[in-house]
Amino acid sequence: MTKHRFIAISASILMLASAGGATGARLPEMSMTAPGTYQLGPGDQLRITVFGLDAITNTYLIDDTGEVALPMLDPVKIAGKTLRQAEASIAAQIRTKQLVNDPKVSAQIIAYRPFYIAGEVQKPGQYPYVPGMSLMTAVSIAGGYTFRANTRSATITRASQKGSATADTPVLPGDMIVVRESWF
């Protein structure tokens, strides 16, 4: 191999590594601030209380279609809504069914949907979300980095958005985190 060919190959490898590794493109940075109002989604577990209707008061899991199945009601679509919007949707259906004239509905999150972490961590997998998590917290829950890990950044996929993350980047329920291998 000639000296010039070696330099050209080395430069190509460096450009690929600095441009985001195997993706071939630089990813935008994930927002450092978590969204202000939490959006419900499949896998979230809720405690729903309807005052005066004890048959409905219970703990429910949002299914993969984004709905909850409540007794005496049709399935209620609540994925993508805030807790207050979910309460209003349930109350509207109770009024429509004429079960109670002025329903008082309360919803609380019992358990958030999990986050997922893969790549160069000791124990990749699915883990329960804890409010206030950062990338560093998620990596710690997964047993820490492997010796090959790129500890400066990772990739987070959130809904249909993909971005680059640092240790302080907030992690949200349902996020998919990939810790890449360090090239150097």
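A brief structural summary. (Residues numbered from 1 in each chain as written. Predicted model: local features only at pLDDT ≥ 70, side-chain atom pairs only at ≥ 80, totals over all residues. Heavy atoms only, no water.)

### Topic: the side chain of E120
The condition is simple: Starting at the N terminus, helices and strands are each numbered in turn, a helix being any DSSP run of H or I of at least four residues and a strand any DSSP run of E of at least two. A 1.4 Å probe rolled over the protein chains alone gives each residue an accessible area, and that area as a share of the maximum for its type sets the label: buried under 20%, exposed over 50%, partly exposed in between. Pairs of N or O atoms are called polar contacts if they sit within 3.5 Å, as long as, within protein, a hydrogen donor faces a hydrogen acceptor (for residues adjacent in sequence, only side-chain-to-side-chain pairs). We call two residues in contact whenever any of their non-hydrogen atoms come within 4.5 Å of each other.
Turning to its location among the elements, E120 is positioned in the loop between β6 (115-119) and β7 (125-127). Given the relative accessible area of 14%, E120 is considered buried. A polar side-chain atom of E120 sits 3.4 Å from a polar atom in the side chain of R148. Leave out the neighbours within four places in its chain, and E120 touches Y145, T146, R148, A149, V179, R180 and E181.

### Let's talk about the nonpolar core
Here is the rule: Throughout, nonpolar core names a set of buried Ala, Val, Leu, Ile, Met, Phe, Trp, Tyr and Cys residues whose side chains join them through atoms within 4.5 Å.
Among the nonpolar cores identified, the biggest contains 20 residues, and I48, I56, L70, I78, I90 and I94 are the most heavily contacted of them. By residue number, the principal contributor to this core is helix α2 (residues 83-96), which donates five residues. Non-local contacts of I94, meaning those with residues more than four positions away in its chain, are made with V50, L53, I56, L73, L99, V100, P103 and V105. Of all hydrophobic cores here, the second largest spans 18 residues; its members include V139, A142, A154 and V171.

### A closer look at the sheet that holds β6
Put simply, the test is: At least two bridges found by DSSP between two strands are what make those strands a pair. Axis lines are fitted through C-alpha atoms, for helices just across the contact stretch, and the angle between N-to-C directions can take any value from 0 to 180 degrees.
Spatial strand order, β7-β6-β10-β8-β9: five strands in an open sheet with mixed pairing. This sheet does not close on itself; its edge strands, each paired only once, are β7 and β9 (161-165). Strand after strand, the sheet turns through a mean of 25° between neighbouring axes, direction not considered. Here strand β8 (residues 154-158) pairs with strand β10 (residues 176-179) via three bridges, running antiparallel. By the bridge assignment, I156 is partnered in β10 with I177.

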